[in-house]
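# Commentary on secondary and tertiary structure
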Amino acid sequence: MLNLADINTLEKLLKSEGFSFKKSLGQNFLIDPSVCPAMAEAACDKETGVIEIGPGVGVLTQELGRYAKKVVAIELDERLKKILPKTLAEFNNIKVIFGDAMKLDLLSIINEEFADCKRVCVCANLPYYITSPIIMQLLESKLPIDSITVMVQKEAGERLCATVGSRQAGAVTVAVSYFAEAEILFGVGRESFMPPPNVDSAVIQLKIRDKAPIFLKDEKKFFKFVKACFAQRRKTLINTVSNSLGVSKDKLRECLSELNLSDTVRSEQLTLDQLADLCNLLFN
Ligand code: SAM
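Residues numbered from 1 in each chain as written. Predicted model: local features only at pLDDT ≥ 70, side-chain atom pairs only at ≥ 80, totals over all residues. Heavy atoms only, no water.

### A closer look at the domain arrangement of the chain
- Segmentation of the chain into domains returns domain 1 (7-208) and domain 2 (219-282).
- Taking only C-alpha atoms into account, the centre of domain 1 sits 34 Å from that of domain 2.
- Both sides of the domain 1 and domain 2 interface together cover about 1,100 Å² of buried area, and 62% of this is carbon and sulfur.
- A per-residue breakdown of the area domain 1 buries against domain 2 is headed by Val164, Val174 and Tyr178, which together make up 39% of the total.
- Scanning the region where domain 1 abuts domain 2 turns up 2 salt bridges.
- Glu268 is paired through a salt bridge with Arg167; the nearest N and O atoms lie 3.8 Å apart.
- Between the two partners, domain 1 and domain 2, sit 6 residue pairs in polar contact (both at pLDDT 80 or more).
- In the side of domain 1 that touches domain 2, the residues fall into 7 nonpolar, 5 polar and 3 charged. (Domains from an automatic or database assignment. Buried area = accessible area lost by both parts, 1.4 Å probe. Salt bridge = Lys/Arg side-chain N within 4 Å of Asp/Glu carboxyl O. Polar contact = N/O pair within 3.5 Å; in protein donor to acceptor, adjacent residues only side chain to side chain. Nonpolar A, V, L, I, M, F, W, Y, C, P; charged D, E, K, R; others polar.)

Put into structure tokens, the structure is as follows:
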């Protein structure tokens, strides 16, 4: 089997196939032999079905094929149609689907492909241009998945896994905390990729919760409220929410006071519980 994490092997393969990297598709391929086994081991076991987003030439896909029961890898770049059948030829538990992971019906794929698996997870070295949208889509669509183990830009990972109520937190942090327990597993330097990106990376794991950690009267309104809360980070919560949602400042002051919160509080200072309580009070 081709050792795709070996830079010489990868260069030779890409040259013989006439493949050139497309920056617009976030194509930075892993060339660090320790990363893919560590990701696969953290993500799955022999009873797991794995969805991989963006297999590239298949370096992580091969490891997932070793560790998981079955792998479905979704790749947008049709130029890889020539390469993947060769690099994955030895695996009979890997299926490649060509398409856009943002547009495909992942629920149907899970139901059709993983009926014989005990659990399903997502594992990927994500194309960085769609990190947040794809993670939000995976979480909000409430797919029957146990976990998401993905490589993301280091700063994005820190934000996604931050504690709600800390300076690093944003609207995406609140959403992640609501749907999952998030953890940074390990850092990966830029030299671990070909071509090397301008930033370092991190592998994060989101373990999907069985039950929401807070009570919400209206989940949709909560996420609209949270988006408004973090829209202008330097402003007080009263100013940013009244500007973006058109709620009166008096009403906001009244609700904050009922929760014993100062009217100069900024959104990043509120915990997940406090954001939920405030939203429930404002829109009851
Ligand atoms: N898994 C490989 C690795 O670790 O070396 C490649 C990872 S590379 C960062 C991201 C991959 O995602 C590329 O192969 C790219 O073509 C693919 N990709 C980009 N956008 C995609 C999308 N919307 N749906 C599926 N794959 C996509």
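### Comments concerning the packing of helix α9 (residues 219-229) against helix α10 (residues 237-245)
- With their axes 8 Å apart at the nearest point, α9 and α10 run at an angle of 120° to one another. The pairing of α9 with α10 is recorded here as oblique in orientation. Remark: the crossing between α9 and α10 carries right-handed chirality. Contact residues: Lys224, Phe225, Ala228 and Cys229 in α9; Leu237, Thr240, Val241, Ser244 and Leu245 in α10.
- For the contact of α9 with α10, the class distribution of residues is 6 nonpolar, 2 polar and 1 charged. (Axes fitted to C-alpha atoms, helices over the stretch in contact; angles between N-to-C directions. Helix = DSSP H or I, 4+ residues; strand = E, 2+ residues; numbered from the N terminus. Parallel < 35°, antiparallel > 145°, perpendicular 65-115°, else oblique. Left-handed = near helix turned anticlockwise from the far one by under 90°. Contact = heavy atoms within 4.5 Å.)

### Thoughts on the layout of surface pockets
- Put simply, the largest pocket is a space of about 270 Å³.
- Together, 14 residues line the largest pocket, and Lys23, Gly26, Asn28, Pro197 and Asn198 are the ones closest to its centre.
- Here the lining of the largest pocket is composed, by residue class, of 7 nonpolar, 5 polar and 2 charged.
- Put simply, the second largest pocket is a space of about 180 Å³.
- Along its surface, the second largest pocket is lined by 13 residues, and Leu139, Lys142, Phe179, Ile208 and Arg209 are the ones closest to its centre.
- Those elements that provide at least two residues to the lining of the second largest pocket are α6 (131-140) and α8 (171-179). (1 Å grid on protein atoms, 1.4 Å probe; cavity = no way out; pocket = protein on both sides within 12 Å on 5 of 7 lines; lining within 4 Å. Points joined across faces, edges and corners; volume = space filled by probe spheres on them.)

### Concerning the nonpolar core
- Core analysis: the biggest nonpolar cluster contains 63 residues, and Ile53, Ile135, Phe222, Phe225 and Leu275 have the highest contact counts within it.
- By residue number, the principal contributor to this core is helix α12 (residues 272-282), which donates 7 residues.
- Mapping this core onto the domain boundaries places at least three of its residues in each of domain 1 (7-208) and domain 2 (219-282).
- In terms of nonpolar packing, the next biggest core, distinct from the first, is built from 36 residues, Leu60, Leu88, Phe91 and Met194 among them. (Core = buried A, V, L, I, M, F, W, Y, C linked by side-chain atoms within 4.5 Å. Buried < 20%, exposed > 50% of the residue type's maximum accessible area, 1.4 Å probe, protein only.)

### Describing the site of the ligand
- Taken together, 23 residues sit near the ligand, with Leu30, Gly54, Glu75, Asn125 and Tyr129 positioned nearest.
- Between the ligand and Leu30, the relevant distance is 2.8 Å, taken from an oxygen atom to a main-chain nitrogen or oxygen of the residue.
- Between the ligand and Glu75, the relevant distance is 2.6 Å, taken from an oxygen atom to a side-chain nitrogen or oxygen of the residue.
- Within the complex, 99% of the 600 Å² of free accessible area of the ligand lies under protein.
- Of all the cavities here, the one that holds the ligand is the largest cavity.
- Broken down by class, the residue content of the shell around the ligand amounts to 12 nonpolar, 7 polar and 4 charged. (Near = heavy atom within 4 Å. Areas by Shrake-Rupley, 256 points an atom, 1.4 Å probe, with all protein chains shown as cover. Sits in = over half its atoms within 2 Å of the grid points.)

### Concerning the sheet that holds strand β4 (residues 94-98)
- The mixed open sheet is built from 7 strands, whose spatial order is β4-β3-β2-β5-β6-β9-β7. Every other strand in the sheet has two partners, leaving β4 and β7 (180-188) as the edge strands with one partner each. Adjacent strand axes in the sheet meet at a mean angle of 20°, parallel and antiparallel pairs treated alike.
- Where strand β3 (residues 70-75) lies against β4, 5 bridges are found, and the strand directions are parallel. The partner of Ala73 across the bridge, within β4, is Val96.
- Most of the contacts of helix α2 (residues 35-43) go to strand β6 (residues 147-153), to which it runs at about 150°, and overall it touches β5 (119-125), β6, β7 and β9 (201-208). (Pairing = 2+ DSSP bridges.)

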